[in-house]
Each structure stands twice: as structure tokens, then as C-alpha cells.
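# Secondary and tertiary structure notes
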Amino acid sequence: DVPVLRKPSWIRVRIPSGNAVAKLKEKLRENRLVTVCEEASCPNIHECFGHGTATFMILGEVCTRRCSFCDVAHGRPKPPDPEEPRHLADTVADMGLRYVVVTSVDRDDLRDGGAQHFVDCIAAIRDKAPNTKIEILTPDFRGRGRMERALEILATNPPDVFNHNVETVPDLYRNVRPGADYQWSLTLLQKFKAQHPEVVTKSGIMLGLGETMEQVQATLRDLRAHDVDMITIGQYLQPSAHHHPVLRYWTPEEFKELEEYGLSLGFSHVASGPLVRSSYHADRSAMEAGVA
Ligand code: SF4
Ligand code: SF4
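As the structure is a prediction and not an experimental result, all values here were calculated from the model. Throughout, a residue's number is its position along its own chain's written sequence, starting from 1. Chain labels run from A onward and ligand labels from 1 onward, assigned in the order the entries are written. Restriction of local features to residues with pLDDT of at least 70 applies here, the model being predicted, together with a cutoff of 80 or more for giving and counting side-chain atom pairs; totals for whole chains, interfaces and linings are based on all residues. Side-chain measures were taken over the full set of non-hydrogen atoms in the model, leaving aside hydrogen atoms and water.

### Observations concerning the site of ligand 2
Near residues are defined by distance, with any heavy atom within 4 Å of the molecule or strand qualifying the residue. Near ligand 2, the surroundings consist of Cys63, Arg65, Cys67, Phe69, Cys70 and Asp106. Polar here means any residue outside two lists: the nonpolar Ala, Val, Leu, Ile, Met, Phe, Trp, Tyr, Cys and Pro, and the charged Asp, Glu, Lys and Arg; Gly therefore counts as polar. Split by residue class, the shell around ligand 2 holds 4 nonpolar, no polar and 2 charged.

Here's what the structure looks like:
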């Protein structure tokens, strides 16, 4: 058994008072929408909601895969809800969001991996909230012919930012991300960029699952070699005792070192810090990359 590590001080966050977040949460309930911000008890929720940024989870809350770090339920998902794009767009407009991240569970049960539903959501948001920038954080669309189908569909209405997380270093995939394939994810990122040179591509990894500095640096080099523009690097936090343990808390200095390393490789933006999440400061990073 691995001992449970005590959280270092830089992981704890102060929760400010105020009802802006409470109001947004009410709106979300009214429209029956799910945000990752709430579901994952993200430590940045006050900051993000306060800035007009949120991450929505579409295509249900049940995943066809089972990653050891992830808190999402596993099982047989329901068919996509045709009303969801409209509800999502109404909520984005209602909340006055300036930047949204739209993500989903893996839908290995769907022929297109859910790509059409992503595009329907993009179209609906653009219709109702034309000034809102849209980042999609997609699954890997793994499976025979699925990546090609998904890329073809996404090309009909591409997002402002295309994000797909490799999550961890390749040596840990079997243990941490079963059902996924490191090279497949890199290829997806590269192919999307080749099709849409004007769209910013983004990926991210979590630290604390047992990786070494050398392995992380090698992963950053792989991502850059596959034309990824922006990177997020954050500390993994264990959602419950049943999930993959935190094997190490990386220090703020190490995160800083990785940020510098990433910039030296030529990424246009590197967000690296203990509390960084895939969508943390997504609006600001995108602005710096010339999107928002
Ligand atoms: Fe939501 Fe992402 Fe911000 Fe966390 S970092 S509150 S998940 S938008
Ligand atoms: Fe969680 Fe994504 Fe893995 Fe599904 S594929 S278990 S949503 S990390």
C-alpha cells in the first residue's frame, strides 16, 4: 500500500465569499447542465466563473473507459441528448461567458466518438453567443476509422482552440490510461493542426502519478514535434481513496522549470503550476495566443 501524502501548502486554496458562483450554479441547475468545474471540485472555480470561463461536460456523465485517475462513472452511456446543444448555448449566453471549454467522456460506443455532437454544440453556441470563444477538449476518437470520421466532421465547424490531453508520460499509459494509446493521441493532435493551421492546438499532462522529470521533458518534446501550440502541466490530486494515489507533489520550482523548458521548445504558451488544470486560464492563454 502506498501511504497517503499530506497536501503541501501550495495546494490549499482560499475560497472567497460572494455569490457570483452561487448564481451561476443556479443557472446550471435550471438548464440541467454539468460543468467539470463543479464535478471535479476544481480549486479554481471562483476564479474561472468570476472571469466568465467554464468547462461543460457534454454527452453524459458515464464513460466507456476507466482511467485510474478519473472520477467519472464507468458504464454504458445513454444516446446523445439532441436538446443538449440548445441548452448549452442558452446557458453560455445566459451566463454571459466569454470563453467556454466543451469536453466529454469517451464515447467508444458511437461511430464518430461524439464528434457530430461536439460540432452541433459549437454551431449552437456560435448562433446564440457569437462573441464567445470555444475550446473543445476531446477524447482521442480511438478505433478503426473513427479518427478520420471525427476529423472530417470537426472540419465542418472547427473550434477556436482544439485541446486533447495526453494526460501522462507514455510509460505510465498501461497503468493510468488503459484503452488509450500515446501515439494515437499525438497523431490526432498533429492531424488536426495540419487540417487547420489557423486553429490553436493544446494538450496537457498531470504530474504526481510516478513520472520522472526526464520522462515529462521527453513528452513535451513529443508534443512539440507534433505541432502542439500550447501546454498545461498541473499536479494530479486523488479524487478518492479508490483512485490512483498521488505518488509525489511536484514543487512550484519544478513546475517553473518545466514552464521554462516548454517555452524553450517553442510552445507559444505553457501553463505550468500545481493548480493548473487543462482549462485553467484558458481564456488568458488563448488571448496571448491571439485567439480570444
Ligand atoms: Fe472549471 Fe477548468 Fe476553471 Fe477548473 S480550471 S474551474 S475545471 S474552467
Ligand atoms: Fe475519465 Fe476521460 Fe478516462 Fe473516461 S476517458 S475515464 S472521462 S479520463
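### Section: the confidence of the model for the protein chain
Confidence of the prediction at every residue is given by pLDDT, a number between 0 and 100. Per-residue confidence for the protein chain averages 90 on the pLDDT scale, and 94% of its residues sit at or above 70. Per the prediction output, this complex has pTM 0.92; the corresponding ipTM is 0.94.

### Considering the environment of Thr156
The helix and strand labels rest on DSSP assignments: H or I over at least four residues marks a helix, E over at least two residues marks a strand, and numbering proceeds from the N terminus. Of note, Thr156 is situated in the loop between helix 6 (146-154) and strand 7 (161-163). For the purposes of these results, a polar contact is taken to be a pair of N or O atoms within 3.5 Å, where, inside protein, one atom must be able to donate a hydrogen and its partner to accept one; residues adjacent in sequence count only when each atom of the pair is a side-chain atom. For Thr156, the side chain forms a polar contact with the main-chain oxygen of Ile153, separated by 2.6 Å.

### Notes on helix 4 (residues 84-94)
Buried within helix 4 we find Glu84, Pro85, His87, Leu88, Ala89, Thr91 and Val92. Where helix 4 ends, the next residue or the one after it, Gly96, has phi of about 65 degrees, a positive value. Only protein chains enter the accessibility calculation, which uses a 1.4 Å probe; a residue whose area is less than 20% of its type maximum is buried, one above 50% is exposed, and one in between is partly exposed.

### Some details on the pairing of strand 2 (residues 53-58)
Of all 6 residues that make up strand 2, 6 are buried, and the element is covered over most of its length. On strand 2, burial covers both faces: Thr53, Thr55 and Met57 on one face and Ala54, Phe56 and Ile58 on the other are all buried. At least two DSSP bridges between two strands are required for those strands to pair. When strand 1 (residues 34-35) meets strand 2, the two strands line up antiparallel, connected through 2 bridges. Counterpart to Thr35 in the pairing with strand 2 is Phe56. Judged from the 6 bridges that link them, strand 2 and strand 5 (residues 99-104) form a sheet pairing that is parallel.

### Quick look at unusual backbone geometry
With phi around 50 degrees, Phe141 is a residue other than glycine that occupies positive phi space. Mapped onto the fold, Phe141 is located in the loop between strand 6 (133-137) and helix 6. On the basis of relative accessibility, which here comes to 2%, the residue Phe141 falls in the buried class.

### Focus: the nonpolar core
Core analysis: the biggest nonpolar cluster contains 70 residues, and Phe56, Leu88, Val102, Ile125 and Ile233 have the highest contact counts within it. In terms of residue count, helix 5 (residues 115-128) provides more of this core than any other element does, 7 residues in total. The contact rule is simple, with two residues in contact once any of their heavy atoms fall within 4.5 Å. Not counting residues up to four positions away in its chain, the partners in contact with Leu88 are Leu33, Phe56, Ile58, Val102, Cys121 and Ile125. Counting 8 residues, the second-largest nonpolar core is a separate cluster that includes Tyr99, Leu137, Val161 and Val200. For our purposes a nonpolar core is just a set of buried Ala, Val, Leu, Ile, Met, Phe, Trp, Tyr and Cys residues, chained together by side-chain atoms within 4.5 Å.

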